[in-house]
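# Observations on the model geometry
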Amino acid sequence: MEVIDHSSVARTRLAVLTAHLSSSFDQFGAVSNGILESSICSAAVEPPPNLKGSLVVVDERTGNKYRVPVSEDGTIKATDLKKITTGKNDKGLKLYDPGYLNTAPVRSSICYIDGDEGILRYRGYPIEELSEGSSFLEVAYLLMYGNLPSESQLADWEFAVSQHSAVPQGILDIIHAMPHDAHPMGVLVSAMSALSVFHPDANPALRGQDIYNSKQVRDKQIVRILGKAPTIAAAAYLRMAGRPPVLPSSNLSYSENFLYMLDSLGNRTYTPNPRLARALDILFILHAEHEMNCSTAAARHLASSGVDVYTALSGAVGALYGPLHGGANEAVLKMLSDIGSIDNIPDFIEGVKNRKRKMSGFGHRVYKNYDPRAKVIKKLSEEVFSIVGRDPLIEVAIALEKAALSDEYFVKRKLYPNVDFYSGLIYRAMGFPTEFFPVLFAIPRMAGYLSHWRESLDDPNTKIMRPAQVYTGVWLRHYMPLRERMDTREEDKLGQVSVSNATKRRLAGSGS
């Protein structure tokens, strides 16, 4: 059996990267504005007008009329529909909305998306402007507290986050005890959940439900999680390579420190390439927040029960683990690899149109226009490739995008590239394995989760989330003794559970 020297593999990877590194910038900030050219902000549109008014609903079943108030932002209270009823045994109308396609469980001032116009803004700032001029921690502060920090506020914020970047040894022991081939997202979910046990001072179940009324307690958990997330992620990455965790550095920027923990091999003088660090920082900005998506909704859902923030966020990361959410860019890479070359794109396009092939990285639940994050990432990819080498699949990706956007089939259906289309290519070019892609999504999204957690604590309308359902089961039946029952339908039976040969061997034995 071949024995793999993981240290040698790591050094080889570093040597390949080093061969491409032509930059000798001394300061991280020296390249902060050089990667992305100035871009036009996502479509500037007027804010929606005051939509306050009312709806008059005529129930044709009964002939009754109902007046339903409409708020200034164009919403109605779902509970107002309960009064529309046909009589005694009718509990009133419910909104049946699988996947919450048109349900707003919260009001939020954190993130604004206009999918028709291709707009994404954090606290009113266009994502294009933030990715060009800001840093991830500056954006995290913006998301958390509503405004960009002053110079002194940013310095205090960066210091606080760096001071909480060390992870308890017990967490590192848990990570070390996991199988070497454990999925890094599984490791991250487990470690985030375990942090709850290591920080009982912030657990409402132990300290009372009013513990988070304290701004000091809230802020401490925020900097703890932002500081520890990259350290845990780096430890999970190093576990995959069979290498011990590396202590974080307090002298580097957020993204530089993350790359330092991955690549330093314990050399305290190692400094990551600043252009790569800046590229990663931009990716972190783009992934920091995206309104009420699946995992953010999960965070709010869990937090509404009063559970500690670590458990709430571990649930959110669990939702992000799903291939339909955080793992979408891996599907893009597989698709591009299957296409193989530009010559095969016409056949692939026809296969998609005939529903024989699936196109990943195009279309989005929200965006019916070009995802503004995808535009930024497309530019960013060229910068990364100039450092570590050009990924051959990028030519396939560009040609596929061009072919799709010139085809009436895709244009008519408003299928445009989303953030996942190019991000996977960048991550692969930077040397990250595909199973680590969702972790690179999760690290910055902690800022979004935490800002929503903080907002929910201050929202007087926050209630424990308990959605209704539409019952479709048997209305009533009475208990029947076991001896009188017949076999149920085949599809209702327990399926065949496989039995290992070791179990068969044990069962073949005898003994009381």
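Structure first, text after, so check above.
As a starting point, this report considers the structure included with it. This one's a predicted model, so the numbers in the text were calculated from it and none came from an experiment.

### Observations regarding the overall build of the protein
Helix and strand counts for the protein come out as 20 helices and five strands. C-alpha atoms of the protein, sized along the principal axes, occupy 80 × 75 × 60 Å. The proportion of buried residues among the 512 residues of the protein is 45%. Taking the 57 positively charged and 56 negatively charged side chains of the protein as two groups, their mean positions are separated by 8 Å.

### As for the nonpolar core
Residues Y122, W157, L226, F258, M359, L400 and F432 are the most contacted members of the largest nonpolar core, which totals 123 residues. Residue contacts for L400: discarding those within four places in its chain leaves M335, L336, I339, I345, F348, I349, M359, F362 and F421.

### Points about the pairing of strand 2 (residues 65-70)
Because side chains alternate across strand 2, one face comprises the buried residues Y66, V68 and V70, and the other comprises K65, R67 and P69, none of which is buried. Taken together, the six bridges between strand 1 (residues 53-58) and strand 2 define a ladder with antiparallel strand orientation. In the sheet register, L55 faces strand 2, and the bridge partner there is V68. With antiparallel pairing between neighbouring strands as the criterion, strand 1 and strand 2 make up a hairpin whose turn holds six residues, including G63 at a positive phi of roughly 85 degrees.

### Considerations on the sheet that holds strand 4 (residues 119-122)
Note: strands within a sheet are paired through backbone hydrogen bonds, in either parallel or antiparallel orientation. The sheet built from three strands is open, its strands ordered 3-4-5 with antiparallel pairing. One side of each edge strand has no neighbouring strand; the edge strands of this open sheet are strand 3 (111-114) and strand 5 (125-126).

### A closer look at unusual backbone geometry
Phi at R355 is positive, roughly 60 degrees, even though this residue is not glycine. For R355, the location among the structural elements is in the loop between helix 14 (345-353) and helix 15 (372-388). Here the phi dihedral of K414 falls at roughly 55 degrees; this positive angle occurs in a residue that is not glycine. Counting through the fold element by element, K414 comes out in the loop between helix 17 (408-412) and helix 18 (420-429).

### Focus: the pairing of strand 3
Every other side chain in a regular strand lies on the same face of the sheet, so the side chains alternate between the two faces. Bridge count for strand 3 against strand 4 is four bridges, and the pairing is antiparallel. Within strand 4, the position partnered with D114 by the bridge is I119. Linkage of strand 3 to strand 4, two consecutive antiparallel strands, is achieved through a turn of four residues, within which G118 is found at a positive phi near 70 degrees.

### Some remarks on the pattern of salt bridges
Summed over all chains, the structure comprises 17 salt bridges. A salt bridge links R218 to D458; the shortest N-O distance between them is 2.9 Å. Within this pair, whereas R218 is found in helix 8 (residues 215-240), its partner D458 is found in helix 19 (residues 437-458), the two being separated by 240 residues in sequence. Between R275 and E383 there is a salt bridge; the shortest N-O distance is 2.8 Å. Here R275 is found in helix 10 (residues 274-287), whereas its partner E383 is found in helix 15, with 108 residues between them in sequence.

Cut-off values and rules
Residues numbered from 1 in each chain as written. Predicted model: local features only at pLDDT ≥ 70, side-chain atom pairs only at ≥ 80, totals over all residues. Heavy atoms only, no water. Helix = DSSP H or I, 4+ residues; strand = E, 2+ residues; numbered from the N terminus. Buried < 20%, exposed > 50% of the residue type's maximum accessible area, 1.4 Å probe, protein only. Lys, Arg positive; Asp, Glu negative; His and termini not counted. Charge placed at Lys NZ, Arg CZ, Asp CG, Glu CD. Core = buried A, V, L, I, M, F, W, Y, C linked by side-chain atoms within 4.5 Å. Contact = heavy atoms within 4.5 Å. Pairing = 2+ DSSP bridges. Salt bridge = Lys/Arg side-chain N within 4 Å of Asp/Glu carboxyl O.

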